[in-house]
Amino acid sequence: MSYPSALHDVLDRVIVPAGELAREEGKFPRAAVTALGRAGLLGLTCSAEPGGEGADLARAADVVARVMPVCPATAAVLQSHYAAAAVVEAHGGRWLRGEVAAGRHLCSLAVVEDGAGGGVRSTARRTGGVVALRARKRDVVAAGEADSYVWSSPPVASDGGLTLWGVPAHAPGLFVPARATGAPLASATSTVVADPVRVPAEAMLGADGEGFGILLGAVLPWLLELCAVVGSGAVHPSLAALARSASGTARSADGQAFAASAAMALR
């Protein structure tokens, strides 16, 4: 079944009712996400090798554009998922890529530091084959609902830069605090805390210290395009926050390039 046919099949039947619940009761559109997964639309952009459709950014943007009018919460979840899946596709292990391609795994981005909340400071400490990640991430879409997060940290060994990880949502030490009043509850955009969370060293996505380059090459193009299709009023929270944080903290050429590109897109 082609992706337009698959989307048409679930749009009226599942996504429209999920959108009504999201608007009226602030409920996360779990039924819509599940239906999109079963229809092959969560795995739309994954390559054919692990079982995906191999669709390009333009087709993903078309899906988000069609979903947005009936359920903005589901569209926001798809934005984060497709952007995070681009990192998983390029740097994730075969099992994780297969789960995403099969539509059984919802990804999200956890790459914006939250300076609030007291003593949780972003660190990455390796002991043997295990890395302890400590951080407080804000503006995480599908917080507590995603199956894993593309997570950023300082490098483990290299000097400067950023490192990305695939962090399972069920990992001990990872939790979502009570959401603040007024938060966009339907998309479950909130804070996620690692205090700390321990992951195998193999969970690293890409090389140590090269996270800004991955964000620039894999994440930024997806966020820019997917934000564009839903209109300027629906900029993904990670894009605006990353532009601010990168401009203040990036020392590498990749970090500076990411900050400049994101800031230009937000003008």
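Quick note: structure is the one above.
Residues numbered from 1 in each chain as written. Predicted model: local features only at pLDDT ≥ 70, side-chain atom pairs only at ≥ 80, totals over all residues. Heavy atoms only, no water.

**A closer look at the nonpolar core**
So, point 1. Core analysis: the biggest nonpolar cluster contains 80 residues, and Leu 7, Ile 15, Leu 41, Val 63, Tyr 82, Leu 133 and Trp 151 have the highest contact counts within it.
So, point 2. Ranked by the residues each element gives to this core, the list is headed by helix α4 (residues 72-91), at eleven residues.
So, point 3. Leaving out residues up to four positions away in the same chain, Ile 15 has contacts with Leu 7, Val 10, Ala 32, Leu 36, Val 67, Val 70 and Cys 71. (Core = buried A, V, L, I, M, F, W, Y, C linked by side-chain atoms within 4.5 Å. Buried < 20%, exposed > 50% of the residue type's maximum accessible area, 1.4 Å probe, protein only. Helix = DSSP H or I, 4+ residues; strand = E, 2+ residues; numbered from the N terminus. Contact = heavy atoms within 4.5 Å.)

**Quick notes on unusual backbone geometry**
So, point 1. A cis amide bond links Asp 195 with the next residue in sequence, Pro 196, at an omega value of -15°.
So, point 2. With respect to the helices and strands, Pro 196 occurs in strand β7 (residues 190-200).
So, point 3. Backbone geometry at Asp 139 places phi at a positive 55°, although glycine is not the residue there.
So, point 4. With a phi close to 55°, Ala 188 is a non-glycine residue in the positive phi region.
So, point 5. Relative to the helices and strands, Ala 188 is located in the loop between β6 (174-175) and β7.

**Comments concerning helix α2 (residues 30-38)**
So, point 1. Every buried residue belonging to α2 is among Ala 32, Val 33, Ala 35, Leu 36 and Gly 37, and all of these are buried.
So, point 2. Contacts from the buried residues of α2 go to α1 (3-25) and α4.
So, point 3. Just downstream of α2 lies Gly 40, where phi reads positive at about 85°.

**A look at the pairing of β7**
So, point 1. Taken across its eleven residues, β7 has eight buried, putting it largely inside the fold.
So, point 2. Sheet topology places strand β3 (residues 130-140) next to β7; eight bridges connect them, and they run antiparallel. Across the sheet, the residue bridging to Ala 132 is Arg 198, located in β7.
So, point 3. Bridge count for β6 against β7 is two bridges, and the pairing is antiparallel. Paired with Leu 174 across the bridge in β7 is Ala 194. (Pairing = 2+ DSSP bridges.)

**Here's the deal with the side chain of Ser 148**
So, point 1. Along the chain, the position of Ser 148 falls in strand β4 (residues 148-153).
So, point 2. Residue Ser 148 is classed as buried on the basis of its relative accessible area, which comes to 7%.
So, point 3. Among the polar contacts made by the side chain of Ser 148, one reaches the side chain of His 105 at a distance of 2.7 Å.
So, point 4. Residue contacts for Ser 148: discarding those within four places in its chain leaves His 105, Leu 106, Cys 107, Ser 108, Val 167, Pro 168 and Ala 169. (Polar contact = N/O pair within 3.5 Å; in protein donor to acceptor, adjacent residues only side chain to side chain.)

**Notes on the pattern of salt bridges**
So, point 1. Across all of its chains, the model carries twelve salt bridges by this definition.
So, point 2. Residue Arg 97 pairs with Glu 49 through a salt bridge whose shortest N-O separation is 2.9 Å. Taken together, the positions of Arg 97 in helix α5 (residues 94-101) and Glu 49 in the loop between α2 and α3 (57-67) put the pair 48 residues apart, joining distant regions of the chain.
So, point 3. Among the salt bridges present, the one from Asp 139 reaches Arg 138, with a minimum N-O distance of 2.7 Å.
So, point 4. Connected through shared salt-bridge partners, Glu 49, Glu 89, Arg 94 and Arg 97 make up one network. (Salt bridge = Lys/Arg side-chain N within 4 Å of Asp/Glu carboxyl O.)

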